[in-house]
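Listed here are the chains, written in short residue letters.
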Amino acid sequence: MAAPPRRRPGGVLLAAALLVAACGGGGSLGGLLPALPSRGLDESTVVAGLKQALEVGSRNAVALTSRADGFLGNPAIRIPLPKGLEPMGKALRTVGFGGQVDELEVAMNRAAERAAGEATDVFVSAIGQMSFADARGILRGGDTAATDYFRRTTSDELRRRFEPIVGQKMQEVGLVQLYEGLVAHYASLPFARKPSLDLRSYVTERGLEGLFQVLAEEEQRIRTDPAARTTELLQRVFGS
């Protein structure tokens, strides 16, 4: 089992959790609103607070994954060699290419980190299009309801944006040349079969999985450990 990720900095991360915390564990908007008149809050204010919390949280999650070592330094989402390359990696280590195999893994993670920054605009757009029914579904959902909403509404667009950027970053960090060189060395060994792998698609998919995993971890954490409410609206909706 992967070691738990380092404690995340930051404030309000995924709003479903905050709303549940605010109403003492109740799971629906209808159950929350009757408890709010003393603060003078209506449904539109609560939904605005939900959207703002989602934006704060998604921006923070993107910052965590797109920084240096956002993937490489987090055992929970670090991108390993694909299973299809494990025989190649093992064989190359036995003939003195272990350092280059390690560099290949580092380069895959660097490419994912550089692509992760693309997620911010996609998440913000999804939040802007969120309906009242979407908000109610998040509030009534499980521990990762907000993450599930993002996964459902943004995966295709994120994949479309990620893949060309991953390809570009693979070139920039030397991943393509490193991979091709290792494949050539491996193919020269007796009885070795040249692997066939779309490395760009692999890094793209693992990058998306890692991003959503960070979102889910933050959502679950905030349900049990509410952090700072960093804006006036969030303080009004969820308490200071």
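Residues numbered from 1 in each chain as written. Predicted model: local features only at pLDDT ≥ 70, side-chain atom pairs only at ≥ 80, totals over all residues. Heavy atoms only, no water.

K.L.:
Could you give me a rundown of unusual backbone geometry, with the residues and numbers involved?
P.N.:
The phi dihedral of Asp69 is positive, around 70 degrees, even though this residue is not glycine. Mapping Asp69 onto the fold places it in the loop between α3 (43-66) and α4 (86-94). By relative accessible area, Asp69 is classed as partly exposed at 32%. (Helix = DSSP H or I, 4+ residues; strand = E, 2+ residues; numbered from the N terminus. Buried < 20%, exposed > 50% of the residue type's maximum accessible area, 1.4 Å probe, protein only.)

K.L.:
Explain the nonpolar core to me, using residue names and the numbers behind them.
P.N.:
Leu104, Phe123, Phe150, Leu158 and Leu199 are the most contacted members of the largest nonpolar core, which totals 55 residues. Those elements that provide at least two residues to this core are α3, α4, α5 (98-116), α6 (119-128), α7 (132-140), α8 (145-172), α9 (175-187) and α10 (199-224). Aside from chain neighbours lying at most four places away, what touches Leu199 is Pro82, Leu85, Leu104, Met108, Met170, Leu175 and Tyr179. (Core = buried A, V, L, I, M, F, W, Y, C linked by side-chain atoms within 4.5 Å. Contact = heavy atoms within 4.5 Å.)

K.L.:
So, the packing of α5 against α8: which residues are in play, and what are the values?
P.N.:
Remark: α5 packs on α8, axes separated minimally by 8 Å, with the N-to-C direction vectors making an angle of 135 degrees. When the interaxial angle is binned, α5 and α8 end up oblique. The crossing of α5 and α8 is right-handed. Contact residues: α5 offers Ala111, Arg114, Ala115 and Ala116, while α8 offers Phe162, Ile165, Val166, Lys169, Met170 and Glu172. Taken together, the residues of the contact of α5 with α8 sort by class into seven nonpolar, no polar and three charged. (Axes fitted to C-alpha atoms, helices over the stretch in contact; angles between N-to-C directions. Parallel < 35°, antiparallel > 145°, perpendicular 65-115°, else oblique. Left-handed = near helix turned anticlockwise from the far one by under 90°. Nonpolar A, V, L, I, M, F, W, Y, C, P; charged D, E, K, R; others polar.)

K.L.:
Tell me about the packing of aromatic side chains, and please be specific about residues and values.
P.N.:
Tallying each qualifying case throughout the model produces three aromatic pairs. A connected cluster of aromatic rings, assembled from ring pairs, spans Phe123, Tyr149, Phe150 and Phe212. (Phe/Tyr/Trp six-rings, centres within 6.5 Å; stacked < 30°, edge-to-face > 60°.)

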